Amino acid sequence: MSLTLIWLRHDLRLADNPLFQFETPPEHLMCVYVLDRSWLTPLQGLDVPRIGPARLRFLWESLIALRGELLKRGSDLLVRVGDPETEVAELAAHHGARQVRVRREAGWDETQATARLEERLGEGVALWQSDGGLLFNEACLPMPVSALPVGFSAFRRKVERTGTVPDAAPAPVTLPPWPDAAPRGFPALVKVCSRAATWTCDGRAGLHFAGGEAEGLARLDHYLWQSGAVSRYKKTRNGLLGADFSTRFSPWLAHGCMSARQVHDAVRAWEAQHGANESSYWVIFELLWRDYFHWAARQEGPSLFGVRRLPQADEPFRAWCEGRTGLPFIDAAMGELAVTGWLSNRARQNVASYLVHELGGDWRMGAAWFEHALLDYDAASNWGNWRYVAGVGRDPRGHRFDVLWQAERYDPDGAYVAHWLPDIAKLPAGSARHRPWSVAPEHFSPPLTVPQVVPEAGQSSLIPPGVQGA
Ligand SMILES: Cc1cc2nc3c(=O)[nH]c(=O)nc-3n(C[C@H](O)[C@H](O)[C@H](O)COP(=O)(O)OP(=O)(O)OC[C@H]3O[C@@H](n4cnc5c(N)ncnc54)[C@H](O)[C@@H]3O)c2cc1C
């Protein structure tokens, strides 16, 4: 019997997923996802786990949806909580897999985990790795990853001049059967983390995200074909309130429920019917940023995350996390993040700049907080953007935003801060709403609490082993 085991990580879809494309299908197939137990343990310095309840819930929804799709095609899904490479190596050995398939990831932890798995796989078990999820594979980049340009613009010009984005591949119609003796199914979310099981998005959110391939494709359909919002994207993308000022594809892209090529193909199809414009181009432009951060992370390896241990959270940092800095624009954004798990790009840039350039905070602490709080957390995009704002590494210029100017420019009547800070709504509309204020957490409705996942035993650090304490 030939058995292939697919180890899924941030690629929870069937369409355009190279892991499910076989030249010669195996006789049996196992599809496995392992929630890394260390994601549930407190972050050093922060006292919150790497994965917060919003993202964990979205992840579980995505896994449930994926299992449904796999079952329809004659396969299934096994989900476990533990040490991923240990679980995968044991399953492969126990069930006699000949091949283990996994996607190459940008994150250093994932890269290390793949290397450890390779060491543990027994003789005769091949590790098969692929790219996926991005616009370009490594093979179709016009330069080796080691020669990636330092800046995004040079990268974009090169790939736009010479690169062609391959078409997204369709989902398989059928899949090889599950081996008879192999376990299947997964633990109830409430047993993994009760906070995630009961987490609900705040009613004031512009959009309520639900995980899964079909939900991602439904959002794509809405943004392009149903609402036509794509035709206005370039003008609206700096918005702060509402559902359609930007695509909101990020959670599905980050969990791999949807690939960048699927978005690319859909935008090209929309352009064929409605005509290309600046806005439709700009959606692809932003996806190129995503590709760029991915390749930059691959090039940088562990240095993406900084080289020292995270310091202990101090009071200014806690005030930033909890939305009580006294600056309404910042507090509104951090409040939105805490109760929805999502934040617009404009707000992300401002809160990051404020932490680093005004409060003198450590950019890695900000990135770690985002890792916990964002439901679209993606290692390359998150740590890459934080480095970009802070001016660390490949682009040392740093990007400092004048937060009051930004607030008045992008929220001229204070509607955004009034939306998230009810006391501000009592002030007359206009820039007075952006004046710094002295604030206590009870100004929030409901009062802000830092979301916690019940931690389990063990320690976890964002900083990869071997580079700590430098
Ligand atoms: C400090 C900071 C941290 C960030 N952390 C993350 C993160 O963990 N995960 C994440 O997906 N994005 C991150 N971003 C990038 C960006 O803010 C989000 O991708 C975007 O706000 C998601 O909303 P959207 O899907 O409506 O984006 P749109 O504006 O509609 O863009 C379409 C897609 O392009 C990609 N994209 C857009 N801008 C960027 C960018 N600057 N960098 C990388 N990809 C981009 C995303 O996949 C996005 O879904 C971060 C930005 C900053 C400033």
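Residues numbered from 1 in each chain as written. Predicted model: local features only at pLDDT ≥ 70, side-chain atom pairs only at ≥ 80, totals over all residues. Heavy atoms only, no water.

1. A look at the pattern of salt bridges
- In the structure shown here, the tally under the stated rule is 30 salt bridges.
- The salt bridge partner of Glu300 is Arg387, with a shortest N-O separation of 3.3 Å. With Glu300 in helix α11 (residues 278-300) and Arg387 in helix α16 (residues 379-390), this pair connects stretches of sequence that are 87 residues apart.
- Judged by its relative accessible area of 15%, Glu300 falls in the buried class.
- Under the relative-accessibility criterion, Arg387 is labelled buried at 8%.
- Close ionic contact of Asp423 with Lys426 constitutes a salt bridge, the shortest N to O distance being 3.1 Å.
- Note on Lys426: relative accessible area 67%, which makes it exposed.
- Sharing partners across several salt bridges, the network here consists of Arg104, Asp131, Glu138 and Arg298. (Salt bridge = Lys/Arg side-chain N within 4 Å of Asp/Glu carboxyl O. Helix = DSSP H or I, 4+ residues; strand = E, 2+ residues; numbered from the N terminus. Buried < 20%, exposed > 50% of the residue type's maximum accessible area, 1.4 Å probe, protein only.)

2. Quick look at the UniProt feature "domain: Photolyase/cryptochrome alpha/beta" (unreviewed entry) in the protein
- According to UniProt, the positions carrying the feature "domain: Photolyase/cryptochrome alpha/beta" (unreviewed entry) are residues 2-135.
- Across residues 2-135, the secondary structure splits into 34% helix and 22% strand, with the terminal C-alpha atoms separated by 32 Å. (UniProt positions renumbered as here; feature names shortened; annotations may be inferred.)

3. Let's talk about α11
- Between its terminal C-alpha atoms α11 stretches 32 Å, which fits the 33 Å expected from 23 residues at 1.5 Å a residue.
- Of the residues that open α11, the one with a side-chain oxygen 2.9 Å from the backbone nitrogen of Ser279 is Asn277.
- Following α11 by one or two positions, Gly301 adopts a phi angle in the positive range, close to 60 degrees. (Expected span 1.5 Å × (residues − 1). Polar contact = N/O pair within 3.5 Å; in protein donor to acceptor, adjacent residues only side chain to side chain.)

4. Re the domain arrangement of the protein
- Per the domain assignment, the segments of the protein are domain 1 (1-130), domain 2 (133-167 + 211-303) and domain 3 (315-443).
- If you average the C-alpha positions of domain 1 and of domain 2, the two centres end up 25 Å apart.
- Contact with domain 1, which involves 19 residues of that partner, is made by 20 residues of domain 2.
- Overall, the association of domain 1 and domain 2 removes approximately 1600 Å² of surface from exposure, summing both partners, and the carbon and sulfur fraction of that is 57%.
- Taken together, domain 1 and domain 2 are joined by zero salt bridges.
- Across the domain 1-domain 2 interface, the total number found is ten residue pairs in polar contact (both at pLDDT 80 or more).
- Residue contributions to the side of domain 1 that touches domain 2 peak at seven residues, all from helix α1 (residues 53-72).
- Counted by class, the side of domain 1 that touches domain 2 contains eight nonpolar, two polar and nine charged residues. (Domains from an automatic or database assignment. Contact = heavy atoms within 4.5 Å. Buried area = accessible area lost by both parts, 1.4 Å probe. Nonpolar A, V, L, I, M, F, W, Y, C, P; charged D, E, K, R; others polar.)

5. Focus: the pairing of strand β3 (residues 78-82)
- Buried residues dominate β3, accounting for four of its five residues.
- As judged from the five bridges shared by strand β2 (residues 28-36) and β3, these two strands associate in the parallel manner. Following the sheet pairing, Val34 is matched in β3 by Arg80.
- Viewed along the sheet, the connection from β2 through α1 into β3 turns out right-handed. (Pairing = 2+ DSSP bridges. Right-handed = clockwise from strand over helix to strand, strands pointing away.)

6. What about the sheet that holds strand β1 (residues 3-8)?
- Taking strand neighbours across the sheet as the criterion, the five strands line up as β3-β2-β1-β4-β5 in an open arrangement whose pairing is parallel. In this open sheet, the two strands that pair with only one neighbour each are β3 and β5 (126-130). Recorded for the sheet is a direction-independent mean angle of 25 degrees between the axes of neighbouring strands.
- Both β1 and β2 contribute to a ladder of six bridges, which runs parallel. Within the sheet, the bridge partner assigned to Thr4 lies in β2 and is Leu29. (Axes fitted to C-alpha atoms, helices over the stretch in contact; angles between N-to-C directions.)

7. With respect to the site of the ligand
- In the vicinity of the ligand there are 27 residues, among which Tyr233, Ser246, Thr247, Arg248 and Asn345 approach most closely.
- For the ligand, a nitrogen atom lies 3.2 Å from a polar atom in the side chain of Glu286.
- Asn382 is positioned with one of its side-chain polar atoms (N or O) 3.2 Å from a nitrogen atom of the ligand.
- For the ligand, whose unbound accessible area comes to 810 Å², protein coverage reaches 97%.
- The residue makeup of the shell around the ligand, split by class, is twelve nonpolar, nine polar and six charged. (Near = heavy atom within 4 Å. Areas by Shrake-Rupley, 256 points an atom, 1.4 Å probe, with all protein chains shown as cover.)

8. A short note on the nonpolar core
- Counting 99 residues, the largest nonpolar core has Trp320 and Trp369 as the members making the most contacts within it.
- The greatest single-element share of this core, amounting to twelve residues, is contributed by α11.
- The next biggest cluster of nonpolar side chains, apart from the first, holds 49 residues, and it includes Cys31, Leu59, Ala113 and Val192. (Core = buried A, V, L, I, M, F, W, Y, C linked by side-chain atoms within 4.5 Å.)

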